[in-house]
Amino acid sequence: MKERTIFTVIILSLVLITVGYLVATQVDFSWLLPAQASSRAVLVDRLFRVMMGIAAVIFLIVEGALVYAVLRFRRKPGDDREGLPVHGNNTLEIVWTLIPAVIVAVIGIYSYRVLTDVERKPSDPLVVRVIGQQFAWSFEYPDSGVKSSVLHLPVDHPVQFQIESRDVIHSFWVPAFRVKHDATPGQIDELVLTPTEIGTFPVRCAELCGVGHAAMTTEVKVESQEDFQAWIDSGGTLVSSATTAAGSGTDNSAATASAPELLVQFGCGACHSLSAASLAGIVGPALDGIGTWGADRVEGQDAQTYIRNSIVEPNAYVEKGYAPGVMPQDFSTRISQEQLDVLVSYLASQ
Ligand code: CUA
């Protein structure tokens, strides 16, 4: 009898270990996970698989015991006796405390190793500033002075992000990179990775940061080295005049971007809609027809003046039904005079 029990336990253990191993190594989880597009993703997903393997074994043990108990110890018809008074089982309690403790320790040590691996600083990374602001992401490349609202990265080249916030706490979330990192006002956080797959992947904000939180999205475009360099050389199509000093005198590429490009660069579409520029934000007032209705909002201001003031001093007049302080207050320091002129005359023509 005793020998049979030991034999059963050994067989069951072997079956469970095999199942756990197969889940960790063979099961295809790609339908469950976002694209695997960075050096981090590989390491994080490996950890995920190991944890899924362990979880599968625990699931089978718990559910197996449950089903076995339900079938084996089911009350017989006509049996109205009390159940046996059971006063605990020290061996069992030690075992089911010890095993989870070991599992937690193993996963903890493994996770720590994954963490140190993904945080190891590469040599000669491309530095990209990641700036969170209600309610848009923007990216700056200090080496070239390029600014963009879409993140461009060269494939297979290490990147060092410098993550910061202009207002409240945001969270820089790129599921395909397995990155989710807070952007905290008043500090710069560094984060390194290497994009490993060419493609376009979503960038999100993962910290509730205000009414426009859900709209705080953009994309990362991972490109070949050549495509990335061409994009940088074009000034990212979008060069801010505030950073021309970085170009050491070669100021020829700083042609002012077109109005639709500027709307993208400054993230206007996160909050505003404008059919002519395919903007679809719902947080702030719709901009269609602003060239007409903008003229009768503030006494003595024509549409042009109204639009200009609304950009550089948004709290001076707030459209009915909208809250003050939602529109960023610092566009006067971020938009050059030329860019402002282009935007104002474009919007006034709507
Ligand atoms: Cu920024 Cu949510």
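It should be emphasised that the depicted structure is a prediction, and the values quoted were computed from it without experimental measurement.

Moving on: the sheet that holds strand β1 (residues 126-133). A sheet is described by the order of its strands in space; here 5 strands give the open sequence β3-β2-β1-β5-β8, paired in mixed fashion. Both outer strands of the open sheet, β3 (146-148) and β8 (189-193), are each paired with one neighbouring strand and no more. Across the sheet, the axes of successive neighbouring strands diverge by a mean angle of 25 degrees, strand direction being ignored. Direction of pairing for β1 relative to strand β5 (residues 159-165): parallel, over a ladder of 7 bridges. Bridge assignment links Leu126 to a residue of β5, and that residue is Val159.

The assigned domain composition of the protein chain is domain 1 (2-72 + 89-118), domain 2 (126-255) and domain 3 (268-348). Domain 2 and domain 3 are separated by 24 Å when their C-alpha centres are compared. On the domain 3 side, the residues contacting the 11 residues of domain 2 number 10 residues. Counting each side, the surface lost to burial between domain 2 and domain 3 is near 810 Å², with a carbon and sulfur contribution of 51%. Seen at the junction of domain 2 and domain 3, the total is 0 salt bridges. Remark: the boundary between domain 2 and domain 3 carries 0 residue pairs in polar contact (both at pLDDT 80 or more). Considering only residue class, the side of domain 2 that touches domain 3 consists of 5 nonpolar, 5 polar and 1 charged.

Turning our eyes to something else, we now look at the sheet that holds strand β7 (residues 179-183). Pairing is mixed across the open sheet formed by 5 strands, whose spatial order is β4-β10-β9-β6-β7. For this open sheet the edge positions go to β4 (151-154) and β7, each flanked by a neighbour on one side alone. When the angles between neighbouring strand axes are averaged without regard to direction, this sheet yields 25 degrees. Sheet topology note: the strand β6 (residues 170-174)/β7 ladder contains 5 bridges and is antiparallel. Opposite His170, over in β7, you have Ala183 as the bridge partner. Docked against the sheet, helix α4 (residues 225-233) engages β4 and β10 (218-223), running at close to 135 degrees with respect to β4.

Now for the packing of aromatic side chains. We describe a pair of aromatic rings using the distance from one ring centre to the other and the angle between the two ring planes. For the structure shown, the criterion picks out 12 aromatic pairs. Ring centres of Phe228 and Trp231 lie 6.2 Å apart, and the angle between their planes is 35 degrees; on these two criteria the pair is classed as tilted. Note that Phe228 and Trp231 are positioned in helix α4 at a spacing of 3 residues, about one turn of the helix. In this structure, Phe228 and Trp231 share a single accessibility class: buried.

Before going further, it helps to spend a moment on unusual backbone geometry. In this chain, Gln134 is followed by Phe135 through a cis amide linkage whose omega measures 0 degrees. Residue placement: Phe135 occurs in the loop between β1 and β2 (136-141). Residues other than glycine seldom take positive phi values, yet Asp156 does so here, at roughly 60 degrees. Among the structural elements, Asp156 can be located in the loop between β4 and β5. Among the residues examined, Asp156 registers a relative accessible area of 53% and is labelled exposed.

So, about the pattern of salt bridges. The tally for this structure, following the rule as stated, stands at 12 salt bridges. A salt bridge links Asp80 to Arg75; its shortest N-O distance comes to 3.7 Å. Take Asp80: its relative accessible area is 68%, and that puts it in the exposed class. Judged by its relative accessible area of 58%, Arg75 falls in the exposed class. Linking Arg166 and Glu140 is a salt bridge whose minimum nitrogen-to-oxygen distance equals 4.0 Å.

Conventions adopted
Residues numbered from 1 in each chain as written. Predicted model: local features only at pLDDT ≥ 70, side-chain atom pairs only at ≥ 80, totals over all residues. Heavy atoms only, no water. Pairing = 2+ DSSP bridges. Helix = DSSP H or I, 4+ residues; strand = E, 2+ residues; numbered from the N terminus. Axes fitted to C-alpha atoms, helices over the stretch in contact; angles between N-to-C directions. Domains from an automatic or database assignment. Contact = heavy atoms within 4.5 Å. Buried area = accessible area lost by both parts, 1.4 Å probe. Salt bridge = Lys/Arg side-chain N within 4 Å of Asp/Glu carboxyl O. Polar contact = N/O pair within 3.5 Å; in protein donor to acceptor, adjacent residues only side chain to side chain. Nonpolar A, V, L, I, M, F, W, Y, C, P; charged D, E, K, R; others polar. Phe/Tyr/Trp six-rings, centres within 6.5 Å; stacked < 30°, edge-to-face > 60°. Buried < 20%, exposed > 50% of the residue type's maximum accessible area, 1.4 Å probe, protein only.

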